Structures are given as structure tokens and as C-alpha cells.
Amino acid sequence: MIKYLIEGLLNLIFPLECRVCKHPIRESAGYSICEDCLKDIQLIEEPYCKKCNKPLSIAPGLPYQQDDLICLDCKNREYSFEYSRSVGKYRGVLKECIHLLKYNKEKNLAQPLGELLIRYLLFQQELLKLIDIIIPVPLHEKDWKERGFNQSFLLCKIMGDYFTLPVKEKVLVKNRFTLSQVGLSRKDREKNVFQAFSVTQPEEIKDKGILLFDDVFTTGSTVEECAKELKRAGANKVFVLTLARGI
Ligand SMILES: [Zn+2]
Ligand SMILES: [Zn+2]
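Now for a description of the structure that goes with this document. (Residues numbered from 1 in each chain as written. Chains lettered and ligands numbered in written order. Predicted model: local features only at pLDDT ≥ 70, side-chain atom pairs only at ≥ 80, totals over all residues. Heavy atoms only, no water.)

**Topic: the coordination of the zinc ion (ligand 1)**
- The protein atoms donating to the zinc ion (ligand 1) are C18 (SG), C21 (SG), C34 (SG) and C37 (SG), with metal-donor distances spanning 2.3 Å.
- Coordination at the zinc ion (ligand 1) comes from four donor atoms whose angles at the metal span 106 to 115 degrees, giving a geometry best classed as tetrahedral.
- If you list the donors of the zinc ion (ligand 1) from N- to C-terminus, the spacing comes out as C-x2-C-x12-C-x2-C.
- Among the residues examined, C18 registers a relative accessible area of 0% and is labelled buried. (Donors = N, O, S within 2.8 Å, 3.2 Å for Na, K, Ca; no water. Tetrahedral: all angles 85-135°; square planar, octahedral: opposite > 155°, others 65-115°. Buried < 20%, exposed > 50% of the residue type's maximum accessible area, 1.4 Å probe, protein only.)

**Side note on the coordination of the zinc ion (ligand 2)**
- Every protein donor of the zinc ion (ligand 2) is listed here as C49 (SG), C52 (SG), C71 (SG) and C74 (SG), and their distances to the metal cover 2.3 Å.
- Each of the four donor atoms around the zinc ion (ligand 2) contributes to a set of angles spanning 104 to 114 degrees, which defines the coordination as tetrahedral.
- Linear spacing of the donor residues for the zinc ion (ligand 2) on their chain is C-x2-C-x18-C-x2-C. On the criterion of sequence distance, the pair formed by C52 in the loop between helix 2 (35–39) and helix 3 (72–75) and C74 in helix 3 is long-range, its members being 22 residues apart. This pair shows no difference in class: C52 is buried, exactly as C74 is. (Helix = DSSP H or I, 4+ residues; strand = E, 2+ residues; numbered from the N terminus.)

**A short note on the environment of V240**
- Positionally, V240 belongs in strand 8 (residues 237–245).
- For V240, a relative accessible area of 1% gives the class buried.
- Separated by 158 residues in the primary sequence, V240 and E82 place their C-alpha atoms 7.8 Å from one another.

**Section: helix 8 (residues 151–163)**
- For helix 8, which comprises 13 residues, the first-to-last C-alpha distance of 19 Å matches the rise-based estimate of 18 Å (1.5 Å per residue) to within 8%.
- Looking at where helix 8 begins, the residue whose side-chain oxygen comes 2.9 Å from the main-chain nitrogen of S152 is N150.
- Downstream of helix 8 by a residue or two, T164 has a phi angle that is positive, lying close to 45 degrees. (Expected span 1.5 Å × (residues − 1). Polar contact = N/O pair within 3.5 Å; in protein donor to acceptor, adjacent residues only side chain to side chain.)

Shape is all these values report; function is a separate question.
Structure below.
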């Protein structure tokens, strides 16, 4: 009660504005993004590729079985992970939120984004049953020092706390500094992250079901490289989850 009174008073004196639309937020619950903006996030909806979650267009009225759908990219590709899922499209509000968290270091955006992930996972009960541990895609030490935190780890912690799943931050490490993947072709992305990751504690993942988490899935090169190492080190199955998917 007192907490809300204090927050109400503080909002009167220093009105909190939404980081995305800049409108004042009345009830913040500590968030710096308003309800309207959160509702504007474009979710990934059926039909989509069962492997990489890419949204597919199917002529209206044409019947389809979601479980049979696979995109052209995935038809010719082998993955080390079982499948990848993303909450929303990497554009608009979601893209802006990820940028603010990552580059503007606005850590308080982790909570509403983490809750978005929780809400998503609550509808993925079959997947949840297969998960023993959550592993965030790691940052290289250089990036970590510059940012001061790994945004993926923050989001994993929120999911892990909610679902009582352990989050292992040190199991998978990035041992080579890589250029930003932004603007690179698929081939160059694959080359860029090739052998950039390694598993330091294989005993932690042996025969385990792993939820590998990254903020954005673009071509899948980064998560594939991580999943390959996790499998090589003895993981049973790797499932990928990202907040956003490049379209
Ligand atoms: Zn807003
Ligand atoms: Zn696909």
C-alpha cells in the first residue's frame, strides 16, 4: 500500500513517461513502458515454419496442418536444435524495447519483456516438460565489460525464477570476439560465429533438455553454433527461444 502511495506521489512530482511512445504512464508498476505499447507488439502467429518459426503465407481458405509446415530455408538445412520459437516480430515496439535494453542499458525493461516470455511459455506446456535448464547465449568478455550485463541472462533469470528452472550462465562461453551480425549475409554470419562458443562445464548439461535463449533470431547462425557445442558436450536436446524474430 505504502509502496503504491509513494509511487503515486513520485509520479505526480516526476511524471513517468513511456520510453516508446513518450506518453505519461499513470500506473507504472515500476515499468517504463505503457500498456498500449505492450499491446502493439506483433506476435508470431500461425502459420509458421515448424523448425525456425518463420511466418509463412498461405492462401486464405487453404487448409494446412501446422505440424507439416517447413520453410524453404529449413528444407535444405540441418540444425543442432530441435526447433526455435520467438515471441514476436523484430520490428516496432519490440525492436525498440530490445535496443533500449541492450544499447541504452535500460535494465528496467527486462521485467516487462521477461513477463512477455513467461506468458508465451505458459502456452508451451509440452516444451516446458522437456526443459531442465535455461542457458543464455553468452556475450564475449569485451561486450560484457562495455555493457555491464548480458540482457539475455537478465531475461533468463526472470523466466527461471517463475518456472523454477536453473539458469546456467557460465556453462556456455563466448571465447572469441565477433563483429556485429547486423547487415551480414547468412554465409558471413555463419563464418563470423564459427567456433566462437565453447562449453566449460559439460557435467552441468549431460543428458539435459536445454532451453537456449537469445534476444533475436535472424538467420539462426548464432543459436545454431551454440546448440552445436551444447550437443557436442553431451546435452540431450536443445530448444531455442528468442524474444524476437527477424522477418
Ligand atoms: Zn507507450
Ligand atoms: Zn524454417
